[in-house]
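Coordinates in review
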Number of protein chains: 2
Amino acid sequence: MSDGQRADARRNYERILAVAVDEVAEHGVNASLEQIARVAGVGSATVRRHFPSRRALLEAVSHKRIEDLSDRARELAGTGESRSVLLEWLNEVVDYSATARGLAAVLVPDSAEVEPAHVNGCAATLEDAASPLLQNAKRDGTVSSEVMLADLLALIAGIAMATEHYPDPAAQAHHLFRLAAAGLGPQH
Amino acid sequence: MSDGQRADARRNYERILAVAVDEVAEHGVNASLEQIARVAGVGSATVRRHFPSRRALLEAVSHKRIEDLSDRARELAGTGESRSVLLEWLNEVVDYSATARGLAAVLVPDSAEVEPAHVNGCAATLEDAASPLLQNAKRDGTVSSEVMLADLLALIAGIAMATEHYPDPAAQAHHLFRLAAAGLGPQH
DNA sequence: AGGAAAACGGCGGACCCCACCGTTTATGAG
DNA sequence: CTCATAAACGGTGGGGTCCGCCGTTTTCCT
């Protein structure tokens, strides 16, 4: 079963990742890499080896959540009224982003982005999975054709970051998103 | 002219603040405090004496911008159609937040917020100044009565933070805000 | 002019990220 | 089964930041 990966390397990778999940959940985006290494029982160099940048680690930590949301998008496709379905999914993204610390950070470009195309793997995955939902809503004319999924995700990420330190982040995030989705009032 | 302030203290305060403005403009919210001290020609302890927390420094740096926006709100009060006027002002807030680095950060609660009432001086100032604009719009029924100014500012701050590292932050921020203000589409 | 009080800033500790580099360990070929 | 090799490991040191302490200097008021 030689897959080109050394067994201990894979073991360490998973140990580190498991610890990182907890550590990020507790300390947020700025969790200490050395602390993660310490708890995982490896040298800090090993952490850096497996995850060259903080961002890489955050992406790995968020990977499962991203997959969950992508699956959910595929489930929802075609069920019910298009705009409602899209909003339902977006609300779940809001919930995940407000609940799972570090997720919002990977949905948005980092300072050191030099990649030419599709700069963001995580966001791209979500966009691909949820694209049908938005297309349907546009087709039905219930969402403006100018709206891009990337914009919606950026908006949600921003809301999550802004509400992170509120007494009840999730509630506040949902509140703000309802506001945005409603366009702050009756007249448009 | 004894105002209880020692002359050298005030001088240092202003030197530090002046340097901090530049430094924050260039390096954003995480500008190095020691670097600021170095450039200002003072010890790092002196910086901490005048600005006990990073946040305090950021608030001082943003103070003028906050005042400008507050003045602008008072200017705009009562001119033109209420919702348009409010949106005009909010757009200016978006512009400032996207342009002046560090402003968005002070419009949102920090991690260590234990204050009982009106936790945020900067946001509170803006809210007070712009409150009439929102009240007018609510009175005319052009904005939902449930909308709070604090929510609008938090939303804008989130947008600014999310778009900070885009190729053209200001453009992207305005784009997202237009989206939110329009409620992402024709149907509400 | 002189003394009290306030402000200053250097120093050391704790932490963090990062790169180097000698050592250990898994692996697959013989 | 042995063993050479390449991969993975982790300790260590350098550079940086934030923070608190404390002896020294400066300012101001009498």
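Residues numbered from 1 in each chain as written. Chains lettered and ligands numbered in written order. Predicted model: local features only at pLDDT ≥ 70, side-chain atom pairs only at ≥ 80, totals over all residues. Heavy atoms only, no water.

**Things to note about the relation of the copies chain B and chain A**
Mapping chain B onto chain A is achieved by rotating through 180° and translating by 0.1 Å along the same axis, at an RMSD of 0.1 Å. In short, the pair behaves as if placed about a two-fold rotation axis. Residue B:G183 of chain B places its C-alpha closer to the rotation axis than any other residue of that unit, at 1.7 Å. (Least-squares fit on C-alpha atoms with pLDDT ≥ 70 in both.)

**Some details on the pattern of salt bridges**
Residues and elements named next belong to chain A. Using the criterion set out here, one finds 18 salt bridges over all chains in the structure. Put simply, K64 and D68 hold a salt bridge, and the shortest N to O gap is 3.3 Å. Remark: D68 and K64 occur in helix α4 (residues 54-76); sequence separation between them is four residues, near one turn of the helix. With a closest N to O distance of 2.6 Å, D140 and R139 form a salt bridge. On the basis of relative accessible area, R139 is assigned to the exposed category, the value being 59%. Shared partners join several salt bridges into a network, and the residues in it are R72, E75 and E92. (Salt bridge = Lys/Arg side-chain N within 4 Å of Asp/Glu carboxyl O. Helix = DSSP H or I, 4+ residues; strand = E, 2+ residues; numbered from the N terminus. Buried < 20%, exposed > 50% of the residue type's maximum accessible area, 1.4 Å probe, protein only.)

**Examining the packing of helix α8 (residues 149-163) of chain B against helix α9 (residues 169-182) of chain B**
All names here are of chain B. Where α8 contacts α9, the axes come no closer than 9 Å and their chain directions differ by 140°. In terms of axis orientation, α8 runs oblique to α9. As α8 runs across α9, the sense of the crossing is right-handed. Contacts between α8 and α9 pair L155, I156, I159 and T163 from the former with P169, Q172, A173, L176, F177 and A180 from the latter. Classifying every residue of the contact of α8 with α9 gives eight nonpolar, two polar and no charged. (Axes fitted to C-alpha atoms, helices over the stretch in contact; angles between N-to-C directions. Parallel < 35°, antiparallel > 145°, perpendicular 65-115°, else oblique. Left-handed = near helix turned anticlockwise from the far one by under 90°. Contact = heavy atoms within 4.5 Å. Nonpolar A, V, L, I, M, F, W, Y, C, P; charged D, E, K, R; others polar.)

**Considering the interface of chain B and chain A**
Between chain B and chain A, the residue contacts involve 35 residues of the former and 35 residues of the latter. Each partner contributes to the roughly 3200 Å² buried at the junction of chain B and chain A, and carbon and sulfur atoms together form 66% of this total. Counting across the chain B and chain A interface gives zero salt bridges. Counting the contacts that link chain B with chain A gives six residue pairs in polar contact (both at pLDDT 80 or more). (Buried area = accessible area lost by both parts, 1.4 Å probe. Polar contact = N/O pair within 3.5 Å; in protein donor to acceptor, adjacent residues only side chain to side chain.)

**Digging into the protein's contact with DNA strand C**
Residues in close proximity to DNA strand C total 20 residues, the closest being A:R48, A:R54, B:R6, B:N12 and B:R49. Counting only the atoms of DNA strand C within 4 Å of the protein, the fraction contributed by sugar and phosphate is 64%. Between DNA strand C and A:A7 there is a distance of 3.1 Å, counted from a phosphate oxygen to a backbone nitrogen or oxygen. Between DNA strand C and the protein, one listed contact pairs a phosphate oxygen with a backbone N or O atom of A:L33 at 3.1 Å. Where the surface near DNA strand C is concerned, the elements lending two or more residues are α1 (7-27) and α2 (33-40) of chain A together with α1 (7-27) and α3 (44-50) of chain B. Broken down by element, the residue count for the surface near DNA strand C peaks at four residues, all from α3(B). Within the surface near DNA strand C, the residues separate by chemical class into five nonpolar, six polar and nine charged. (Near = heavy atom within 4 Å.)

**A word on the environment of A:H175**
Counting through the fold element by element, A:H175 comes out in helix α9 (residues 169-182). Residues A:H175 and A:G121 lie 54 residues apart in sequence; the distance between their C-alpha atoms is 28 Å.

**With respect to the domain arrangement of chain A**
The assigned domain composition of chain A is domain 1 (1-52) and domain 2 (62-182). Its C-alpha centre places domain 1 of chain A at a distance of 27 Å from the equivalent point of domain 2 of chain A. (Domains from an automatic or database assignment.)

**A short note on α8(B)**
For α8(B), built from 15 residues, the straight-helix expectation of 21 Å at 1.5 Å per residue is met to within 8% by its first-to-last C-alpha distance of 21 Å. For α8(B), a buried count of 13 out of 15 residues is recorded, marking the element as mostly surrounded by other parts of the structure. (Expected span 1.5 Å × (residues − 1).)

**Examining the UniProt feature "DNA-binding region" (unreviewed entry) in chain A**
Look at the UniProt record and you will see "DNA-binding region" (unreviewed entry) annotated at residues 32-51 of chain A. Taken end to end, residues 32-51 of chain A is 75% helix and 0% strand, and its two terminal C-alpha atoms sit 13 Å from one another. (UniProt positions renumbered as here; feature names shortened; annotations may be inferred.)

**Brief notes about the side chain of B:T163**
Residues and elements named next belong to chain B. Tracing the backbone through its elements, the reader meets T163 in helix α8. Here A160 takes part through its backbone oxygen, which lies 3.3 Å from a polar atom of the side chain of T163. In this structure, T163 is in contact with P169, Q172, A173 and L176, ignoring residues within four places of it in sequence.

**Some remarks on the UniProt feature "domain: HTH tetR-type" (unreviewed entry) in chain A**
The UniProt entry lists residues 10-69 of chain A under the feature "domain: HTH tetR-type" (unreviewed entry), expressed in the numbering used here. Segment residues 10-69 of chain A splits into 82% helix and 0% strand. End C-alpha atoms: 26 Å apart.

**Considerations on helix α7 (residues 121-139) of chain B**
All names here are of chain B. Its 19 residues give α7 an end-to-end C-alpha distance of 27 Å, which sits within 8% of 27 Å, the value for a rise of 1.5 Å per residue. When we look at burial in α7, the residues that qualify are C122, A123, A124, L126, A129, A130, L133, L134, A137 and K138. In this structure, the buried side of α7 is in contact with α4 (54-76), α5 (82-99), α6 (103-106) and α8.

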